[in-house]
Amino acid sequence: MTTTLGPIPKFDRPTSTLPTRLRPADLLRLTDQTAADVLDGHYDHVLPDRWDEVSRWSTRLHADDDLDLWLISWTPNVSTELHDHAGSFGALTVLSGSLTEYRWTGRDLRARTLDAGDQASFPLGWVHDVMRNPATPSGAEPTLSVHAYSPPLTAMSYYEVTPAQSIRRVRTELTDVPEKD
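Analysis parameters
Residues numbered from 1 in each chain as written. Predicted model: local features only at pLDDT ≥ 70, side-chain atom pairs only at ≥ 80, totals over all residues. Heavy atoms only, no water. Helix = DSSP H or I, 4+ residues; strand = E, 2+ residues; numbered from the N terminus. Buried < 20%, exposed > 50% of the residue type's maximum accessible area, 1.4 Å probe, protein only. Contact = heavy atoms within 4.5 Å. Areas by Shrake-Rupley, 256 points an atom, 1.4 Å probe, with all protein chains shown as cover. Phe/Tyr/Trp six-rings, centres within 6.5 Å; stacked < 30°, edge-to-face > 60°. Lys NZ or Arg CZ within 6 Å of the ring centre and 35° of its normal. Pairing = 2+ DSSP bridges. Axes fitted to C-alpha atoms, helices over the stretch in contact; angles between N-to-C directions.

(A) Representation of the overall build of the chain in the model. From N to C terminus, the chain includes one helix and 10 strands. Written out in order from the N terminus, the α and β elements of the chain read α-β-β-β-β-β-β-β-β-β-β. Of all 181 residues assigned to the chain, the portion counted as buried reaches 46%. A sequence separation of at least 24 residues applies to 67% of the contacts in the chain between residues at least 6 apart. Carbon and sulfur atoms make up 50% of the accessible area of the chain, which totals about 9,000 Å².

Quick look at the structure:
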């Protein structure tokens, strides 16, 4: 289901060769505002009646030529796999619960915890895996986050860490949905 976010501010198109006129800072602002709108009840009509602890859930909140905004739930012990967002910048804001992100540093995977209210942005080439924080107690409130991609996702590549401590791409998938199950 796609709903309308309202007018997205128009930004002057830069003269650079970047894939979008929206910058990571713009995406962070948009995920933060959308998270506030979700918490204020503006998107209650798209939320499920009951949160599933086994299957993840997502819905697109806004889509246009420049931007996709998604609301995503996270379930225990399910990771997204190590991936990138191809030619899209990304950002997220955690609404509730806690996420763990494992980011490839160029030498190893580094973990960070993102709690409710925290934000992260993803430049081109960012390779990471995201999951609900394993320390989240069973029966806790749902872990939810708002994600923005610009330009909208068209592909994601997936990676594995090799014994030589490098990463190797194992597949690329065409997609218009983030963080597949």
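Additional details are given in the paragraphs that follow.
(B) Representation of the packing of aromatic side chains. Enumeration over the complete set of coordinates arrives at two aromatic pairs. Considering the side-chain rings of Trp51 and Trp57, the 5.3 Å spacing of their centres and the 85° angle between planes classify their relative orientation as edge-to-face. Seen in terms of ring centroids, Phe122 and Trp126 are 6.0 Å apart; in terms of plane orientation they differ by 45°. Their pairing is tilted. The ring centre of Trp74 lies 4.2 Å from the NZ or CZ of Arg56, which sits over that ring. Sitting over the face of the ring of Tyr158, Arg171 holds its NZ or CZ atom 4.2 Å from the ring centroid.

(C) Local environment of the sheet that holds strand E1 (residues 58-63). Pairing is antiparallel in the open sheet, where five strands are placed in the order E1-E2-E8-E3-E6. Where the open sheet ends on each side, the last strands, each with one partner, are E1 and strand E6 (119-122). When strand polarity is set aside, the average angle formed by the axes of neighbouring strands in this sheet is 20°. Where strand E3 (residues 89-96) and E6 come together, four bridges link them in antiparallel fashion. Bridged to Leu92 within E6 is Ala120. Most of the contacts of helix H1 (residues 24-39) go to E3, to which it runs at about 25°, and overall it touches E1, strand E2 (68-74), E3, E6 and strand E8 (143-150).

Everything listed here is a matter of geometry and, on its own, says nothing about what the molecule does.
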